[in-house]
Amino acid sequence: MASKCSSVPYTALPSHRVPQNVIVLSYYRPPPDPQIVFIRRCIFFTFAILLLSAAVFFLYPSDPTLQVTRIRLNHVHVNSYPTLTLDLSFSVVIMVRNRDFFSLDYDSLDVSVGYRGRELGLVHSQGGKLRARGSSYVNATLDLNGLQVIHDVFYLIEDLARGIIPFDTNTKANGELGLLFFKLPIKGRVSCEVYVNTANQTIVRQDCYPE
């Protein structure tokens, strides 16, 4: 007996492919927190200010430091004939210190001695060169012979009666600071009050302070 095959109906596939579109989505980043942004800016500005302050501290020029390390009285003598005169000799050792990070050239070092606000004499010393953060010692000797103390003669007689004469010394340094290609003028000064015992020719007390 011949079998009868059953036919299954079907739909043929199309011969052409339908194009497919692929959409790529970027990674979504949430907006930054305003508070975090503010903190970061504060940290940045603080660091910048600290860096600028450090640069100013290291580069800003400062005057040299003068320090009287020793004052020695060589002699002091009061002459009453024919007029009231004063013979005086001081030896001073000055330390000049450069606090900057650049070399320092000081042109001169002047030391003056006065009595009751009036200058009696001045000694001029030659300058020198100081390396960065360096120091140097300068010796200065002031000799005054036959000095007439006219305006303060009564005070001088009173001080002689007590046996102690007060003197004041002023030390000044003028120079230039070598900052890269520039030369910046600088000045340093220190003043001292010196009390001299006329009996044993010694210094009783000395008080120094920078200006």
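What counts, and at which threshold
Residues numbered from 1 in each chain as written. Predicted model: local features only at pLDDT ≥ 70, side-chain atom pairs only at ≥ 80, totals over all residues. Heavy atoms only, no water. Helix = DSSP H or I, 4+ residues; strand = E, 2+ residues; numbered from the N terminus. Buried < 20%, exposed > 50% of the residue type's maximum accessible area, 1.4 Å probe, protein only. Contact = heavy atoms within 4.5 Å. Areas by Shrake-Rupley, 256 points an atom, 1.4 Å probe, with all protein chains shown as cover. Salt bridge = Lys/Arg side-chain N within 4 Å of Asp/Glu carboxyl O. Core = buried A, V, L, I, M, F, W, Y, C linked by side-chain atoms within 4.5 Å. Polar contact = N/O pair within 3.5 Å; in protein donor to acceptor, adjacent residues only side chain to side chain. Patch = residues over 30% accessible without salt bridge, like charges linked within 9 Å, V, L, I, M, F, W, Y side chains within 5 Å. Phe/Tyr/Trp six-rings, centres within 6.5 Å; stacked < 30°, edge-to-face > 60°. Disulfide = S-S within 2.5 Å. Pairing = 2+ DSSP bridges.

Here we look at the overall build of the protein chain
Next, step 1: Along the protein chain, the regular secondary structure elements total 2 helices and 8 strands.
Next, step 2: In the protein chain, the succession of helices and strands from N to C terminus is α-β-β-β-β-β-α-β-β-β.
Next, step 3: A burial count over the protein chain gives 32% of its 211 residues as buried.
Next, step 4: The long-range share in the protein chain, meaning contacts at least 24 apart out of those at least 6 apart in sequence, stands at 64%.
Next, step 5: Element-wise, carbon and sulfur atoms account for 59% of the exposed surface of the protein chain, whose accessible area totals about 15500 Å².

Comments concerning the pattern of salt bridges
Side chains carrying opposite charge are able to pair once their charged atoms draw close together.
Next, step 1: One pass over the structure, following the stated rule, counts 4 salt bridges.
Next, step 2: Among the salt bridges present, the one from Asp 105 reaches Lys 129, with a minimum N-O distance of 3.3 Å. You can see Asp 105 sitting in strand β3 (residues 104-115) and its partner Lys 129 sitting in strand β4 (residues 118-130), a full 24 residues away along the chain.
Next, step 3: Because the salt bridges share partners, they merge into one network encompassing Arg 116, Asp 159 and Arg 162.

Quick notes on the nonpolar core
Next, step 1: By size, the foremost hydrophobic cluster in this structure holds 34 residues, and its most contacted members are Leu 88, Phe 90, Leu 120 and Phe 167.
Next, step 2: Of all elements in the fold, only β1 (65-79), β2 (85-97), β3, β4, β5 (135-148), β6 (164-179) and β7 (182-197) reach the threshold of two or more residues within this core.
Next, step 3: Each residue touching Leu 120, except ones within four places of it in the same chain, is listed here: Leu 86, Leu 88, Val 113, Gly 114, Tyr 115, Leu 144, Leu 147 and Phe 167.

Topic: the side chain of Asp 159
Next, step 1: Summarising the element assignment, Asp 159 is placed in helix α2 (residues 153-162).
Next, step 2: Within the local environment of Asp 159, its side chain forms a polar contact with the side chain of Arg 116, the two groups lying 3.2 Å apart.
Next, step 3: Those residues in contact with Asp 159 that sit more than four places away from it in its chain are Tyr 115, Arg 116, Ile 164, Ile 165 and Pro 166.

Re a nonpolar patch on the surface
Next, step 1: A grouping of Phe 38, Ile 39 and Ile 43 is seen on the molecular surface, where their side chains present a nonpolar patch of about 330 Å² in accessible area.
Next, step 2: Here Phe 38 is to be found in helix α1 (residues 34-59).
Next, step 3: A relative accessible area of 55% places Phe 38 in the exposed class.

Observations concerning the packing of aromatic side chains
Next, step 1: Inspection of the entire model under this criterion finds 3 aromatic pairs.
Next, step 2: Here Phe 90 and Phe 167 contribute two aromatic rings whose centre-to-centre distance is 5.7 Å and whose plane-to-plane angle is 75 degrees, an arrangement assigned as edge-to-face. Pair noted here: Phe 90 is in strand β2 and Phe 167 is in strand β6, with a separation of 77 residues, a long-range link. Take Phe 90 and Phe 167: they sit in the same class, and that class is buried.
Next, step 3: Within the aromatic cluster, the residues linked to one another by ring pairs are Phe 90, Tyr 115 and Phe 167.

With respect to the state of the cysteines
Next, step 1: Enumeration over the complete set of coordinates arrives at 1 disulfide.
Next, step 2: There is a disulfide in this structure between Cys 192 and Cys 208, and the S-S distance comes to 2.1 Å. On the sign convention where negative means left-handed, the S-S torsion of about 110 degrees between Cys 192 and Cys 208 marks this disulfide as right-handed. A residue pair is termed long-range when its members are at least 10 positions apart, and Cys 192 in strand β7 and Cys 208 in strand β8 (residues 202-210) qualify at 16 residues.
Next, step 3: Judged by its relative accessible area of 2%, Cys 192 falls in the buried class.
Next, step 4: Residue Cys 208 is classed as partly exposed on the basis of its relative accessible area of 35%.

Points about the pairing of β4
Next, step 1: As paired elements, β3 and β4 share 11 bridges and run antiparallel to each other. Each residue of the ladder has a partner; that of Gly 114, found in β4, is Glu 119.
Next, step 2: With antiparallel pairing between neighbouring strands as the criterion, β3 and β4 make up a hairpin whose turn holds 2 residues, including Arg 116 at a positive phi of roughly 55 degrees.

Overview of unusual backbone geometry
Next, step 1: With a phi close to 55 degrees, Arg 116 is a non-glycine residue in the positive phi region.
Next, step 2: You can see Arg 116 is positioned in the loop between β3 and β4.
Next, step 3: Despite not being glycine, Arg 133 has its phi angle at roughly 60 degrees, a positive value.
Next, step 4: Mapped onto the fold, Arg 133 is located in the loop between β4 and β5.

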